[in-house]
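Read off the chains here:
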Amino acid sequence: MLEHIIASILPEIISFIEIIGILVISFGACKAFCKYVLAIFTNQRYHIKIELANALALGLEFKMGAEILKTVLVRNFEEIYILGAIILLRAILSFMIQYELAQEAKHGIKEEASSNNY
């Protein structure tokens with residue numbers, strides 16, 4: 001009984017979470033692009049790379065959460081291997097984005113300190 005309810009509701013929940021991840025990445029990319037265009041015309045500095053990386057990281061977390069929920073519906077080991085590979089790739093992407101954010105933050109701090117010396 002409970003298994004039937006979970007099997008019927010879970011695909012909709014997974015789809016909803018994946019759509020949230022897609023929307024987060026899309027809106028983050030649009031926002032970063034708008035700030036990029038604004039920076040070109042106003043000659044102001046925005047942390048575009050950090051904003052885009054944050055949106056990508058958050059979107060990937062939603063997508064990874066959906067993949068984890070998919071493991072409940074797995075019927076055989078071949079599906080587990082595929083889901084495991086997808087989760088591993090998304091985790092690696094997430095760690096790479098977090099590393100880039102940390103490097104950009106360090107670079108930004110050094111740049112701000114050098115500009116305050118003038």
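In this report, we go over the structure that sits alongside the text. Since the model is a prediction, treat every value here as computed from it, not as a measurement.

### Overview of the packing of aromatic side chains
Applying the stated rule across the entire model yields two aromatic pairs. Ring geometry for F33 and Y36: centres 6.5 Å apart, planes at 35°, overall tilted. With F33 and Y36 both in helix α1 (residues 2-42) and three residues apart, this pair spans about one turn of that helix. A relative accessible area of 52% means that F33 is categorised as exposed. Exposure remark for Y36: the relative accessible area of 45% places this residue in the partly exposed category.

### Describing the nonpolar core
In terms of nonpolar packing, the biggest core is built from five residues, these being A53, A57, L60, I97 and L101. Going through the elements one at a time, α2 (48-70) and α3 (77-116) are the ones with two or more residues in this core. Tallying contributions element by element places α2 first for this core, with three residues. Aside from chain neighbours lying at most four places away, what touches I97 is A53, L56, A57 and L60.

### Notes on the pattern of salt bridges
Evaluated as defined, the whole model comprises seven salt bridges. Note that E51 and K31 form a salt bridge whose closest N and O atoms lie 3.7 Å from each other. Remark: K31 occurs in helix α1 and E51 occurs in helix α2; sequence separation between them is 20 residues. Between E100 and K49 there is a salt bridge, with the nearest N and O atoms lying 3.9 Å from each other. One end of the pair, E100, is in helix α3; the other, K49, is in helix α2, and 51 residues separate them in sequence. Given the relative accessible area of 40%, E100 is considered partly exposed. By sharing partners, the salt bridges in this structure join E18, E67, K70 and R90 into a single network.

What counts, and at which threshold
Residues numbered from 1 in each chain as written. Predicted model: local features only at pLDDT ≥ 70, side-chain atom pairs only at ≥ 80, totals over all residues. Heavy atoms only, no water. Phe/Tyr/Trp six-rings, centres within 6.5 Å; stacked < 30°, edge-to-face > 60°. Helix = DSSP H or I, 4+ residues; strand = E, 2+ residues; numbered from the N terminus. Buried < 20%, exposed > 50% of the residue type's maximum accessible area, 1.4 Å probe, protein only. Core = buried A, V, L, I, M, F, W, Y, C linked by side-chain atoms within 4.5 Å. Contact = heavy atoms within 4.5 Å. Salt bridge = Lys/Arg side-chain N within 4 Å of Asp/Glu carboxyl O.

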